[in-house]
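# Fold and contact review
Read off the chains here:
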Amino acid sequence: MTHASPAEPDHPEDPEKSLDSLVLHATDNGVSWITLNRPEAMNAVTWDQRERVIALLAEASADPGVRAVVITATGKGFCAGADLRGGSPDSGERVVGDVARMIRLGAQRLIAAVQDCEKPVLAAVNGTAAGIGAHLALACDLVLAAESARFIEVFARRGLVPDGGGAYLLPRLIGPQRAKELMFFGDALPATDAERLGLVNRVVPDDQLAKTARDWSERLASGPTRALALTKSLINASLDSDRTTAFAAEATAQELNMSTHDANEGVASFVERRRPEFRGR
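Note that the coordinates shown come from a computational prediction; the quantities given were computed from them, not determined experimentally.

Here we take up the state of the cysteines. Overall, the coordinates contain zero disulfides when judged by the stated rule. With no disulfide of its own, Cys-140 has Cys-117 as its nearest cysteine by sulfur position, at a separation of 9.4 Å. Classification of Cys-140 by relative accessible area gives buried; the value is 7%.

Here it is, written out as structure tokens:
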């Protein structure tokens, strides 16, 4: 969220901490690892952190050496929501339009950056995901959760309307009735219940989360990257499309994909009865 914060950090932000230390980043075996690193604040995300994550997702899209992305966090919290205390300075008296603009340029940009990333994005939810933190996880293409993780639609507890695309994401994942239940009451949803509802792909023991995320992401990174990007786009667009539009998009995606090395390699490997070697191109 961007207009109020559900997070209450236990300690004030250390002004000496650099942005690079607040959002850790490394690329390994074709996987871009983006790690929120404010464990003392349950990884409540600041304005600067949000902009850094958006930039890293854009870089992942443009970098042919990156073929999958993992978003995770340190400590006991995945992301406890937004924390504006480290954000952009107040510009003065608020006028009509300011909040809507802040939402569009803030929380909505973050969620759109995940959904528009041209590489598969995996969330490895290590702990509490609340408010925009829950939506950040649910916007990802695949969601792994530690057994201790919880998802909380905290907005109603604060008298607020969900932001960060929550009212768009949840009904498409679990239907309107379940979405209303979560958003009206704001109860904490344990990881196992989130898996049962279809919000989470897999729940694993806490000490297996990093290994499972690495296994899944490296499997994605070894796949046909452009085909996966087009598949992601088709699936996301289908939720808002009629059949004619969806079929036309599918035909276009097929046309584009058949010009790639990996599509031709996939066909050749089938004919030659061997395992394909995809290059992500």
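Structure's up, so let's keep going.
Moving on to the sheet that holds strand β5 (residues 121-125). Spatial ordering of the open sheet is given by β1-β2-β3-β5-β7-β10, a layout of six strands whose pairing is mixed. The open sheet has two edge strands with one neighbour each: β1 (23-28) and β10 (202-204). Neighbouring strand axes in the sheet, compared pairwise and without regard to direction, differ in orientation by 20° on average. Note that β1 and strand β2 (residues 31-36) share six bridges and pair antiparallel. Each residue of the ladder has a partner; that of Ala-26, found in β2, is Trp-33. Where helix α9 (residues 209-221) meets the sheet, its contacts fall on β1, β2, β3 (68-73), β5, β7 (142-146) and β10, and the angle it forms with β7 comes to roughly 165°.

Turning our attention to the pairing of β3. Taking burial as the measure, the six residues of β3 include six buried ones, the bulk of the element. On β3, burial covers both faces: Ala-68, Val-70 and Thr-72 on one face and Val-69, Ile-71 and Ala-73 on the other are all buried. Judged from the six bridges that link them, β2 and β3 form a sheet pairing that is parallel. Each residue of the ladder has a partner; that of Ile-34, found in β3, is Ile-71. Where β3 and β5 come together, three bridges link them in parallel fashion. Paired with Ile-71 across the two strands is Ala-123, which belongs to β5.

This brings us to the packing of aromatic side chains. What the rule picks out here adds up to zero aromatic pairs. A cation over a ring is seen here: Arg-243 above Phe-247, with NZ or CZ 5.9 Å from the ring centre.

Residues Leu-57, Val-69, Ile-71, Phe-78, Val-125 and Phe-151 are the most contacted members of the largest nonpolar core, which totals 50 residues. Apart from the residues within four sequence positions on either side, Ile-71 is in contact with Ile-34, Leu-57, Phe-78, Val-114, Val-121, Leu-122, Ala-123, Ala-124, Leu-136 and Cys-140. Grouped together as the second largest cluster of nonpolar side chains are 13 residues, Ala-124, Val-204, Leu-209 and Ala-213 included.

Before going further, it helps to examine unusual backbone geometry. Phi at Met-42 takes a positive value of approximately 55°, unusual for a residue other than glycine. Residue classification places Met-42 among the partly exposed residues on the basis of a relative accessible area of 29%.

A few words now on the packing of helix α2 (residues 47-62) against helix α4 (residues 107-116). For any two helices packed against each other, one specifies the crossing angle of their axes together with the interaxial distance. Running from N to C, α2 and α4 point in directions that differ by 20°, and their axes come no closer than 9 Å. One finds that α2 runs roughly parallel with respect to α4. For the element pair α2 and α4, the recorded crossing hand is left-handed. Contact residues: α2 offers Arg-50, Glu-51, Val-53, Ile-54, Leu-57 and Ser-61, while α4 offers Ala-107, Arg-109, Leu-110, Ala-113, Val-114 and Asp-116. Residues that form the contact of α2 with α4 fall into these classes: seven nonpolar, one polar and four charged.

Quick look at the pattern of salt bridges now. Tallying each qualifying case throughout the model produces 14 salt bridges. In this structure, Arg-178 engages Glu-181 in a salt bridge whose closest nitrogen and oxygen atoms are separated by 3.5 Å. Taken together, the residues Arg-178 and Glu-181, both in helix α7 (residues 176-185) and three residues apart, mark about one turn of the helix. Here Arg-214 and Glu-218 are joined by a salt bridge, their closest N and O atoms 3.5 Å apart. Taken together, the residues Arg-214 and Glu-218, both in helix α9 and four residues apart, mark about one turn of the helix. Overall, Arg-214 belongs to the partly exposed group, its relative accessible area being 32%. Note on Glu-218: relative accessible area 25%, which makes it partly exposed. Three or more residues joined by partner-sharing salt bridges are found here, namely Asp-28, Arg-214 and Glu-218.

Basis of the calculations
Residues numbered from 1 in each chain as written. Predicted model: local features only at pLDDT ≥ 70, side-chain atom pairs only at ≥ 80, totals over all residues. Heavy atoms only, no water. Disulfide = S-S within 2.5 Å. Buried < 20%, exposed > 50% of the residue type's maximum accessible area, 1.4 Å probe, protein only. Pairing = 2+ DSSP bridges. Helix = DSSP H or I, 4+ residues; strand = E, 2+ residues; numbered from the N terminus. Axes fitted to C-alpha atoms, helices over the stretch in contact; angles between N-to-C directions. Contact = heavy atoms within 4.5 Å. Phe/Tyr/Trp six-rings, centres within 6.5 Å; stacked < 30°, edge-to-face > 60°. Lys NZ or Arg CZ within 6 Å of the ring centre and 35° of its normal. Core = buried A, V, L, I, M, F, W, Y, C linked by side-chain atoms within 4.5 Å. Parallel < 35°, antiparallel > 145°, perpendicular 65-115°, else oblique. Left-handed = near helix turned anticlockwise from the far one by under 90°. Nonpolar A, V, L, I, M, F, W, Y, C, P; charged D, E, K, R; others polar. Salt bridge = Lys/Arg side-chain N within 4 Å of Asp/Glu carboxyl O.

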